[in-house]
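# Understanding the architecture of this molecule
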Amino acid sequence: MRTDLTSKEKELRDAFPLLKNSTLAYLDNGATSQKPQVVIDAVAKYYEHDNANPMRGLYDLSIRSTEIYEEARAKVAKFIHAPKAEEIVFTRNASESLNLIAYSYGMHFLKEGDEILVGITEHHSNFLPWQQVGKVTKAKVNFLECADDGEISIDAFRAALTPNTKLVAITQVSNVLGRENPVKEFAKIAHEQGAVIVVDGSQSVPHMPVNVSDIDADFFVFSGHKMFAPMGIGVLYGKMELLDKMPPFLYGGEMIETVSKEKATFAEVPHKFEAGTVNAGGARGLSAAIDFMESVGFETIMQREDTLTKIVMEELQKYPYVHILGSKDPSEHHGIISFTVDGVHPHDISEILSSDDIAIRAGHHCAQPLLTHLGIMSSARASFAYYNTEAEARRFVESVITLRKRMGYGE
């Protein structure tokens, strides 16, 4: 039984079976979040009482399964303020969503002479698909670089665009630096030049309110598993006029209208992008996760994560051998702190902290171009969720500042 929690912290953590009464300080939320009992129960209930193949049967169970799946789509649309539920496509994760855009839009609507502008801050999932599009279509891939503190200014963005820029791929919040990009302003500038903008919201949707209509994103993607939902369910939002003209990404069952020996016609958006048996259980879990997040409230989520980030950054910056990547301002990190320690490899940092029952990430964080730009090979990363506690934050700091001594450096 843990004794270091306030009554409020205990209430928050008790909603999560893996964390309840656990001493683990789980600080790898940028990779995936833990799942609350209400989400686990929603998925279990679906398979116990509602499981059938959606959209394929005319019997009651299949109809109910279809309704659950489409209700989840409508809930996602409302959650991110998409104009139409039909503009929400369910995928496996943000990576699949980005690949869908790259292959169904990029491969068909970009050509030699066009340019693709990719943020240096991107996760590989929002870089590699565009690299492949460039190779196939001969479109040129350019990088939008950030300052040492992670900022990509509006002036820098404007300067990086050319008359040939036809697509911009940018994250809303960096998974390494935690820095938020002004994607609404970027979208406005991109549209003035006739470019389409693809926004990766994997690290924003779990932590802050998102309004894709206000941003005016042409495409917006995120994963369910980072926002308390099950693994295996992701979201692609796209403007209807773009989705409508894009060909399918995958071919097979349920994404067709008619099929003959000679040809096929395809179902309407979004179903033409959802080939095969869909993840209805995952969609139900995502729906429950949204309900859960809304019951907690973004005000609570953001306040707690900001508090923890501030505690850790203010303490770590007292030690000259600890180097935090990006801005020195905690408010610009959105719960993500990547760092290095002089003389201690990030893998050793992670291993030692694991022995202290603290889970963090170490490596290049699937963002090698960014780390190369920053002049390092790898880093350690702590990433917070609202269920983390001040005691865990202070335990983390204590472990980090004693690393060099434990490695034999005498300090």
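This section reports on the structure supplied with the text. Just so it is clear, the structure is predicted and the values come from calculations on it, not from any experiment.

## Let's talk about the nonpolar core
Within soluble globular proteins, side chains that are nonpolar generally end up buried alongside one another. Residues Ile88, Phe90, Phe157, Ile170, Phe220, Leu286 and Tyr386 are the most contacted members of the largest nonpolar core, which totals 71 residues. The element that contributes the greatest number of residues to this core is helix α10 (residues 280-296), accounting for nine residues. When sequence neighbours within four positions are dropped, the list of residues in contact with Leu286 reads Val76, Phe90, Gly224, Met227, Ala229, Pro230, Ile233 and Val235.

## Thoughts on the packing of helix α3 (residues 60-79) against α10
Where α3 contacts α10, the axes come no closer than 9 Å and their chain directions differ by 40°. Regarding the angle of α3 to α10, the classification is oblique. Crossing angle aside, the handedness with which α3 passes α10 is left-handed. For the pair α3 and α10, the contacting residues are Ser65, Ile68, Tyr69, Ala72, Lys75, Val76 and Phe79 in the first and Ala280, Ala283, Arg284, Leu286, Ser287, Ile290, Asp291, Met293 and Glu294 in the second. When the residues that make up the contact of α3 with α10 are grouped by side-chain class, the tally is 10 nonpolar, two polar and four charged.

## Some points on the packing of aromatic side chains
All chains considered together, the criterion is met by 21 aromatic pairs. On the numbers, 5.2 Å between centres and 55° between planes, the contact of Tyr69 with Phe90 is tilted. In this pair, Tyr69 is assigned in helix α3 and Phe90 in strand β2 (residues 88-91), connecting sequence segments 21 residues apart. Taken as a pair, Tyr69 and Phe90 share a single burial class, namely buried. In textbook terms, an aromatic cluster arises when at least three aromatic residues are bridged by ring pairs, as seen for Phe16, Phe228, Phe292, Tyr386 and Tyr387.

## Examining the sheet that holds strand β15 (residues 379-383)
The strands making up a sheet associate through backbone hydrogen bonding, with each pair oriented either parallel or antiparallel. Spatial strand order, β11-β12-β15-β14: four strands in an open sheet with antiparallel pairing. The sheet is open, and its two borders are formed by β11 (322-324) and β14 (361-363), each paired with just one other strand. Looking at each pair of strands side by side, their axes are set apart by 30° on average, direction ignored. Relative to strand β12 (residues 336-341), β11 runs antiparallel, the two sharing three bridges. Residue His323 lies in a different strand from β12, and its bridge partner there is Thr340.

What counts and what doesn't
- Residues numbered from 1 in each chain as written.
- Predicted model: local features only at pLDDT ≥ 70, side-chain atom pairs only at ≥ 80, totals over all residues.
- Heavy atoms only, no water.
- Core = buried A, V, L, I, M, F, W, Y, C linked by side-chain atoms within 4.5 Å.
- Buried < 20%, exposed > 50% of the residue type's maximum accessible area, 1.4 Å probe, protein only.
- Helix = DSSP H or I, 4+ residues; strand = E, 2+ residues; numbered from the N terminus.
- Contact = heavy atoms within 4.5 Å.
- Axes fitted to C-alpha atoms, helices over the stretch in contact; angles between N-to-C directions.
- Parallel < 35°, antiparallel > 145°, perpendicular 65-115°, else oblique.
- Left-handed = near helix turned anticlockwise from the far one by under 90°.
- Nonpolar A, V, L, I, M, F, W, Y, C, P; charged D, E, K, R; others polar.
- Phe/Tyr/Trp six-rings, centres within 6.5 Å; stacked < 30°, edge-to-face > 60°.
- Pairing = 2+ DSSP bridges.

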